[in-house]
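Each chain, written out:
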Amino acid sequence: QVQLVESGGGLVQAGGSLRLSCAASGRTFSGYATGWFRQAPGKEREFVAHISWSGGSRYYAASVRGRFTISRDNAKNTVYLQMNSLKPEDTAVYYCASTAHTIAVVHTTDYNYWGQGTQVTVSS
């Protein structure tokens, strides 16, 4: 069992930056890839970014490519999402999740473990 805890959300003005963290406890991240998803009110949860266990492979949704960067520190069992040039449409609850898949996967059903989410609000 893997427990994931997100942190780093908050309120920021458009154009600003935030860095989200996803810390794992219990069984470690070992061998698991990690993804970030987000869910805005009234909308389905959508894929944001994915990083392989080694960190050598990263994949982004088109809507965030060039603005967001996913990274990981396996020594700290933590995955990060650096979000720059934030827009009001980035407002959502952000979730991290782990998957045993070795290729980039973008569907929520491909992920085994989920955190509780952290709210990101971008004001215009």
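Anything mentioned here points back to the structure above.
Remember, it's a predicted structure, so these values are computed and weren't measured experimentally.

Thresholds, definitions, all that
- Counting from 1, residues in each chain are numbered in the order their sequence is written.
- Only residues with pLDDT of at least 70 are given local features in this predicted model, and only at 80 or more are side-chain atom pairs given and counted; all residues enter the totals for whole chains, interfaces and linings.
- For the side-chain quantities, the full set of heavy atoms in the structure was used; hydrogens and water were omitted.
- Here, the term disulfide refers to a pair of cysteine sulfur atoms separated by no more than 2.5 Å.
- What counts as a helix is a DSSP run of H or I of at least four residues, what counts as a strand is a run of E of at least two, and both are numbered from the N terminus.
- Under the scheme applied here, a residue whose accessible area is under 20% of the maximum for its type counts as buried, over 50% as exposed, and between as partly exposed, the area being computed with a 1.4 Å probe on protein chains only.
- Here the nonpolar core consists of buried residues drawn from Ala, Val, Leu, Ile, Met, Phe, Trp, Tyr and Cys, with membership extended through side-chain atoms lying within 4.5 Å.
- Any two residues whose heavy atoms approach within 4.5 Å are treated as being in contact.
- Any pair of Phe, Tyr and Trp rings, taking the six-membered ring for Trp, is counted once the centres come within 6.5 Å. Such a pair is stacked with planes under 30 degrees apart, edge-to-face with planes over 60 apart, and tilted for the rest.
- A side-chain nitrogen of Lys or Arg and a carboxyl oxygen of Asp or Glu constitute a salt bridge if their distance falls within 4 Å.

Q: Explain the state of the cysteines residue by residue, including any values.
A: Taken as a whole, this structure holds one disulfide when the rule is applied. Shown here is the disulfide that connects C22 with C96, its sulfur atoms set 2.0 Å apart. Given an S-S torsion of about 70 degrees, the disulfide between C22 and C96 has right-handed geometry. With C22 in strand β3 (residues 18–26) and C96 in strand β9 (residues 92–99), the pair connects residues that are 74 residues apart, well separated along the chain. Each member of the pair, C22 as well as C96, carries the same accessibility label: buried.

Q: Let's hear about the nonpolar core: which residues, and what values?
A: Core analysis: the largest hydrophobic core is formed by 32 residues, its most contacted members being W36, V48, F68, I70, L81, M83 and Y94. Elements with a minimum of two residues in this core: β1 (2–7), β3, β4 (33–39), β5 (46–51), β7 (68–73), β8 (78–83), β9 and β11 (118–123). If near-sequence neighbours (up to four positions away) are discounted, V48 is found in contact with W36, F37, R38, Y59, Y60, A61, V64, F68, L81 and Y94.

Q: Provide a residue-level description of the packing of aromatic side chains, including the pertinent values.
A: By convention here, two paired aromatic rings are described through the distance between centres and the angle between planes. Scanning all chains against the criterion turns up seven aromatic pairs. With centroids separated by 5.7 Å and ring planes inclined at 80 degrees, the aromatic side chains of F37 and F47 adopt a geometry described as edge-to-face. Highlighted residues: F37 in strand β4 and F47 in strand β5, separated in sequence by 10 residues. Across this residue pair, the class does not change: F37 and F47 are buried. Summarising the aromatic geometry, the rings of Y95 and W114 are spaced 6.5 Å apart at their centres and angled 75 degrees between planes, so their arrangement reads as edge-to-face. With Y95 in strand β9 and W114 in strand β10 (residues 113–114), this residue pair connects regions lying 19 residues apart in the sequence. The exposure class assigned to Y95 is buried, which follows from its relative accessible area of 13%.

Q: A description of the environment of S71 should follow, citing residues and the corresponding values.
A: Take S71: it is sitting in strand β7. Classification of S71 by relative accessible area gives partly exposed; the value is 23%. A C-alpha to C-alpha distance of 6.6 Å links S71 and L81, two positions 10 residues apart in sequence. When sequence neighbours within four positions are dropped, the list of residues in contact with S71 reads I51, R58, V79 and Y80.

Q: Provide a residue-level description of the pattern of salt bridges, including the pertinent values.
A: Within this structure, the stated rule accounts for three salt bridges. Here R38 and E46 are joined by a salt bridge, their closest N and O atoms 2.6 Å apart. The exposure class assigned to R38 is buried, which follows from its relative accessible area of 6%. In this structure E46 comes out as partly exposed when scored by relative accessible area, which is 36%.

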